[in-house]
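So the chains spell out like this:
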Amino acid sequence: MGPSTSGLVMCYIPLALVIIGFVVAAYYTNKQATAAYLRVDPTTVKDE
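These figures come from a predicted structure and were not determined experimentally.

Asks: Outline the overall build of the chain, listing residues and values.
Replies: Of the regular secondary structure elements, the chain holds 1 helix and 0 strands. Residue burial in the chain is summarised as follows: out of 48 residues, 0% are buried. In the form shown here, the chain has an accessible surface area of approximately 4900 Å², with 68% of it arising from carbon and sulfur atoms.

So this is what it looks like as structure tokens:
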């Protein structure tokens, strides 16, 4: 007797969602971490 279809669905769909969610989160955090940022020349900043 093979595994039931509902058992496979209950196991592999959440597993796939977790893996896809991790990949998406890693992509966006890496994109944010490696984004260029504006460097300000300290000699042009006025202290008020």
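Right, picking up where we left off after that structure.
Asks: Please give an account of a nonpolar patch on the surface that cites residues and values.
Replies: Residues Leu 8, Tyr 12, Leu 15, Ile 19, Phe 22 and Val 23 make up a contiguous nonpolar surface patch of roughly 610 Å² in combined accessible area. Among the secondary structure elements, Leu 15 is positioned in helix α1 (residues 5-33). The class for Leu 15 is partly exposed, based on a relative accessible area of 42%.

Conventions adopted
Residues numbered from 1 in each chain as written. Predicted model: local features only at pLDDT ≥ 70, side-chain atom pairs only at ≥ 80, totals over all residues. Heavy atoms only, no water. Helix = DSSP H or I, 4+ residues; strand = E, 2+ residues; numbered from the N terminus. Buried < 20%, exposed > 50% of the residue type's maximum accessible area, 1.4 Å probe, protein only. Areas by Shrake-Rupley, 256 points an atom, 1.4 Å probe, with all protein chains shown as cover. Patch = residues over 30% accessible without salt bridge, like charges linked within 9 Å, V, L, I, M, F, W, Y side chains within 5 Å. Salt bridge = Lys/Arg side-chain N within 4 Å of Asp/Glu carboxyl O.

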